[in-house]
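# Understanding the architecture of this molecule
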Amino acid sequence: ARWKSYRRTLRAMALRHAAQRLAQRAAPLAGQAARPLLIPFYRHMASDANLLKTALYDFHLEMGGKMVPFAGHSMPIQYKDSIMEATKHCRSKASIFDVSHMLGSSMRGKDAIEFVESIVVGDIRGLKNGTGTLSVVTNDKGGIIDDTVVTKVNDEDVYIVLNGACSEKDQAHINKHLKAFKAKGKDCEFIVHGDRSLLAFQGPKAVDVLQPLTDIDLSKLYFGMFTETSIAGKPVWLTRTGYTGEDGFEISLKKTDTVALTKKLLENPDARMSGLGARDSLRLEAGLCLYGNDLNEDIGPIEAGLTWTIGKSRREKCDFVGGDVIKAQLEAPASVTKRRIGLKVGKGAPARAGSKILSSDGAEVGEVTSGGFSPVLQENIAMGYVLKSHAKAGTELQVETRGRKSEAVATKMPFVTCHYHRPA
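Residues numbered from 1 in each chain as written. Predicted model: local features only at pLDDT ≥ 70, side-chain atom pairs only at ≥ 80, totals over all residues. Heavy atoms only, no water.

### Some words on the overall build of the protein
Our working rule: The secondary structure listing takes helices from DSSP runs of H or I that are at least 4 residues long and strands from runs of E that are at least 2 residues long, numbered from the N terminus. With a 1.4 Å probe rolled over the protein chains alone, any residue whose accessible area is under 20% of its type maximum counts as buried; one over 50% counts as exposed, and the rest are partly exposed. Whether two residues are in contact is decided by their heavy atoms: any pair within 4.5 Å suffices.
Scanning the protein from terminus to terminus reveals 10 helices and 19 strands. Within the protein, buried positions represent 58% of all 424 residues. Partitioning the intrachain contacts of the protein with sequence separation of at least 6 by distance along the chain shows that 67% fall at a separation of at least 24.

Put into structure tokens, the structure is as follows:
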């Protein structure tokens, strides 16, 4: 009974994926199996005429990109290669993803860090200049409004990348709390970088492609580090990060420079354009959450397996929005009854968002939030939430998809080995 209430919340998320049929109609190429993709199409999905276009829109079309609605934008789900091929390419070489639908923003002012720490759970003050961390923005109930990468550029400049699909509510949430903050005489400005694009350049060969195009020594730019530099003569904000599990970079640059820099990167035969389909497979293999699937405003960081994002120096006060709820959960772990887990699923149709997770004796104990076929592992994988009594790795479970049951086992994540560039 206690699971059913929680399940209704997850079921509501699954309904957002009715437009997955669009992914099925994106013609399978070169022997690619026709299978639905776990690509989120949000409730505010606009008509084609109202979709926003990134600086690379025309270039995507020239490159054979299959465009779909995504977070209010027209974005490529794939190019001329199959999604399976594109996923494997990123794991072995280098792939360029247009992620300009993301909301790039900054908090600036002498009290910028204080304000950022009032809305996210991370220890931003404790970061060294030019370094960042994954964090979450929380609501009054301790639920996750959005997940974000927060970079401390310096003591008065914090760079924040938020999810494009959450742009409107994130800005409303930030502006609401910023208004109250500034009413106390505090100095902080919220700046949205609407004049910039964002590229994710991911894969083991990305550094080799990038290094000849910049004067900085990329071997000394470690995972999570940020710098302002130039690439092929174009000024950029360069962060060693990404959401694929591979080494790579996110490149923020002026919209007017985006096409030229993308073409320059593609002059190297190891570099290739890639779309949302491969990006979703890659992040799932890496065990990374997708907001709207695996995270929402009724799920907190502890049950999501993101306790590590709560800075140790902040756990005593928890002086951020919803901190009283999260502090109580930290002090009484048994009060959190569910946990996000990875699943390896047996033969048959891949588990999808909304598939039931059953115990070995058939009792419903959870629900899948993301799932699909892993191009690298060549097996079905998924993640979801289960009662903590069934969350231990190795626990035998079942997944029910469209009335058919498959054997499954709770598995530690990531599913594949991640390759982040860290100091030796």
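### A few points about the sheet that holds strand S13 (residues 271-274)
Let me state the cut-off plainly: For two strands to be treated as a pair, DSSP must find at least two bridges joining them. With axes taken as lines fitted to C-alpha atoms, and helix axes fitted only over the stretch in contact, angles between N-to-C directions fall between 0 and 180 degrees.
Overall, mixed pairing links the 6 strands, which are arranged S10-S11-S12-S9-S3-S13 in an open sheet. What marks the edges here is a single partner per strand, and that holds for strand S10 (226-231) and S13. When strand polarity is set aside, the average angle formed by the axes of neighbouring strands in this sheet is 30 degrees. One ladder, built from 7 bridges, connects strand S9 (residues 196-202) with strand S12 (residues 248-254); its direction is antiparallel.

### Comments concerning unusual backbone geometry
Cis geometry is found at the peptide bond from methionine 413 to proline 414, where omega equals 5 degrees. Position of proline 414 among the secondary structure elements: in the segment after strand S19 (404-411). Positive phi values are uncommon outside glycine, yet alanine 232 reaches one of about 50 degrees. Here alanine 232 lies in the loop between S10 and strand S11 (234-239). Phi is positive for glutamine 378, close to 60 degrees, though the residue is something other than glycine. Within the fold, glutamine 378 resides in the loop between strand S16 (364-374) and strand S17 (379-387).

### Quick look at the pairing of S9
In terms of residue burial, S9 counts as a mostly covered element, since 7 of its 7 residues are buried. Residue alternation in S9 divides its side chains into two sets, Arg196, Leu198, Ala200 and Gln202 and Ser197, Leu199 and Phe201, and both sets are buried. Judged from the 4 bridges that link them, strand S3 (residues 94-98) and S9 form a sheet pairing that is antiparallel. Counterpart to phenylalanine 97 in the pairing with S9 is alanine 200.

### Some thoughts on the sheet that holds strand S7 (residues 157-162)
The strand order across the open sheet built from 5 strands is S5-S6-S7-S4-S8, with neighbouring strands paired in antiparallel fashion. Every other strand in the sheet has two partners, leaving strand S5 (131-138) and strand S8 (189-192) as the edge strands with one partner each. Taken over all neighbouring pairs, the strand axes of this sheet differ in orientation by 25 degrees on average, direction set aside. Bridging between strand S4 (residues 103-108) and S7 involves 6 bridges; their strand directions are antiparallel. Looking at the pairing, methionine 107 lines up with valine 158 of S7. Helix-sheet contacts for helix H6 (residues 167-182) involve S4, S5, strand S6 (144-154), S7 and S8, and the interaxial angle to S8 is about 160 degrees.

### What to know about the nonpolar core
Stated formally: The nonpolar core is taken to be a set of buried Ala, Val, Leu, Ile, Met, Phe, Trp, Tyr and Cys residues, with the residues joined through side-chain atoms within 4.5 Å.
Formed by 24 residues in total, the largest nonpolar core has its most connected members in Phe201, Leu210, Ile231, Leu238, Phe249, Ile251 and Leu265. Every element with two or more residues in this core is listed here: S3, S9, helix H7 (206-210), S11, S12, helix H8 (255-266) and S13. The element that contributes the greatest number of residues to this core is H7, accounting for 4 residues. Other than its neighbours up to four places away in sequence, leucine 238 contacts Leu210, Ile216, Leu218, Leu221, Met225, Phe226, Thr227, Thr229, Ile231, Phe249, Glu250 and Ile251. Listed in part, the 21 residues of the second largest apolar core include Met107, Val150, Leu162 and Phe181.

### Digging into the side chain of threonine 258
Operational definition: Polar contacts, as used here, are pairs of N or O atoms within 3.5 Å; protein pairs need one atom able to donate a hydrogen and one able to accept it. Residues neighboring in sequence count only if both atoms are side-chain atoms.
Looking at the element boundaries, threonine 258 is found in helix H8. Residue classification places threonine 258 among the buried residues on the basis of a relative accessible area of 1%. In terms of polar contacts, threonine 258 uses its side chain to reach the backbone carbonyl oxygen of lysine 254, at 3.1 Å. Setting aside its immediate chain neighbours within four residues, threonine 258 contacts Ala55, Leu56, Ser197, Leu199 and Leu253.

### Notes on the pattern of salt bridges
What counts, and what does not: Each salt bridge in this description consists of a side-chain nitrogen of Lys or Arg and a carboxyl oxygen of Asp or Glu lying within 4 Å of one another.
This structure, assessed with the given rule, holds 18 salt bridges. Across the pair aspartate 111 and lysine 110 runs a salt bridge, and its minimum N-O distance is 3.3 Å. The buried category is assigned to aspartate 111, whose relative accessible area is 11%. Relative accessible area serves as the criterion here: at 55%, lysine 110 is assigned to the exposed category. The closest approach of N and O atoms between aspartate 155 and lysine 152, which form a salt bridge, is 3.3 Å. Given a relative accessible area of 47%, aspartate 155 falls into the partly exposed group.

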